[in-house]
Amino acid sequence: MQVDAPAAGLFVDAAEPALARCAWCKATPAYRHYHDHEWGHPVDDDRRLFEKVCLEGFQAGLSWLTILDKRENFRRAFAAFDAEQVARYGAADVERLLGDAGIVRHRGKIESTVNNARRVSEMRAEFGSLAAYAWSYEAQAGPRPPRVTLAALKTMTSSAASVALSQDLKRRGWSFVGPTTMYAFMQAMGLVNDHLEGCHVRERALAARAAFTPPLPGCSQSAAAGLPI
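On a predicted model such as this, the values are computed, not experimentally measured, just so you know.

Structural notes on unusual backbone geometry
Phi angles above zero are rare outside glycine, and Ala-79 is one such case at about 50°. In this structure, Ala-79 sits in the loop between α4 (71-77) and α5 (83-86). Note on Ala-79: relative accessible area 18%, which makes it buried. At Phe-176, a residue that is not glycine, the phi angle is positive and equals roughly 55°. Looking at where Phe-176 falls in the secondary structure, it is placed in the loop between α10 (160-171) and α11 (179-189). For Phe-176, a relative accessible area of 34% translates into the label partly exposed.

Here we look at the packing of aromatic side chains
Tallying each qualifying case throughout the model produces 12 aromatic pairs. Measuring from centroid to centroid gives 6.4 Å for Trp-24 and Tyr-34, while their planes differ by 65°, and the two rings are edge-to-face. Residue Trp-24 is found in the loop between β2 (20-22) and α1 (29-37), and its partner Tyr-34 is found in helix α1; the two are separated by 10 residues along the sequence. When its relative accessible area of 29% is taken as the criterion, Trp-24 is described as partly exposed. Classification of Tyr-34 by relative accessible area gives buried; the value is 3%.

Section: empty space enclosed by the protein
Taken as a whole, this structure holds three cavities of 30 Å³ or more when the rule is applied. The space that makes up the largest cavity amounts to roughly 50 Å³. In terms of lining residues, the largest cavity is bounded by Val-53, Cys-54, Gly-57, Phe-58, Lys-109, Ser-112, Thr-113, Asn-116, Ser-175 and Phe-176. Across the lining of the largest cavity, the residue classes break down as four nonpolar, five polar and one charged.

As for helix α2 (residues 46-59)
In this model α2 runs 20 Å from its N-terminal to its C-terminal C-alpha over 14 residues, within 8% of the 20 Å that 1.5 Å per residue would give. In terms of residue burial, α2 counts as a mostly covered element, since 13 of its 14 residues are buried. The N-capping residue of α2, defined by a side-chain oxygen 3.0 Å from the backbone nitrogen of Arg-47, is Asp-45. Positive phi shows up at Gly-61, right after α2, with a value of about 85°.

Structural notes on the packing of α2 against α11
The N-to-C vectors of α2 and α11 enclose an angle of 140°; their axes lie 9 Å apart at closest approach. Here α2 is positioned oblique relative to α11, judged by the angle of their axes. With respect to the hand of their crossing, α2 and α11 are arranged in right-handed fashion. Along the contact surface, α2 presents Leu-49, Lys-52, Val-53, Glu-56 and Gly-57, while α11 presents Thr-181, Met-182, Ala-184, Phe-185, Ala-188 and Met-189.

Details of the confidence of the model for the chain
Per-residue confidence for the chain gives a mean pLDDT of 92; residues scoring 70 or more make up 92%. Counting contacts from residues 221-229, a segment whose pLDDT is below 50, to residues more than four positions away or on other chains yields 29 contacts.

Thresholds, definitions, all that
Residues numbered from 1 in each chain as written. Predicted model: local features only at pLDDT ≥ 70, side-chain atom pairs only at ≥ 80, totals over all residues. Heavy atoms only, no water. Helix = DSSP H or I, 4+ residues; strand = E, 2+ residues; numbered from the N terminus. Buried < 20%, exposed > 50% of the residue type's maximum accessible area, 1.4 Å probe, protein only. Phe/Tyr/Trp six-rings, centres within 6.5 Å; stacked < 30°, edge-to-face > 60°. 1 Å grid on protein atoms, 1.4 Å probe; cavity = no way out; pocket = protein on both sides within 12 Å on 5 of 7 lines; lining within 4 Å. Points joined across faces, edges and corners; volume = space filled by probe spheres on them. Nonpolar A, V, L, I, M, F, W, Y, C, P; charged D, E, K, R; others polar. Expected span 1.5 Å × (residues − 1). Polar contact = N/O pair within 3.5 Å; in protein donor to acceptor, adjacent residues only side chain to side chain. Axes fitted to C-alpha atoms, helices over the stretch in contact; angles between N-to-C directions. Parallel < 35°, antiparallel > 145°, perpendicular 65-115°, else oblique. Left-handed = near helix turned anticlockwise from the far one by under 90°. Contact = heavy atoms within 4.5 Å. pLDDT = per-residue confidence, 0-100.

See below:
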């Protein structure tokens, strides 16, 4: 029986011929695992969200696979992205991290991570949690294309919501949070679902979102110790 070729932007692994996936995760099994179990699924855990903001910032100018391959090193270097601990990092810690070959040794991005950690406490004081703040931008995320195809996705490197999020974070003193970086953050945390039509994960991510209740401002719903798969 002839099997139809996957649609543009999708691929099928020979080991799992029934499962089409977004083609960007084709490179490695770890990349496919991230795509299948994490990307596009809703997150309301402050530590995971802080990690995603920081790593999307580190990714600027690089491939996400480079960052994913170093993620455990980043977690070790930045106290598992416990914002309260990272907020206490000083000049000596920055110099130490600049010598850490396991991460991206970019002074501006390292200093930005420390700065942004200090801003998290301000966010929590106002909204209850970083999660409540981030999910407040879901209402601004539409309109969405009727079908998420490769052609549609190529036009969505940023959005009105990611621009608004970027501008507000910059106003609050955050850095490395440009509109494109924030759109990637929104994709990663499940605020938007950009798995392509035909990707076997798309419906699962939609179901996870349907079962998810976003945290409200003033109500911290994060599980402090949770980490991504």
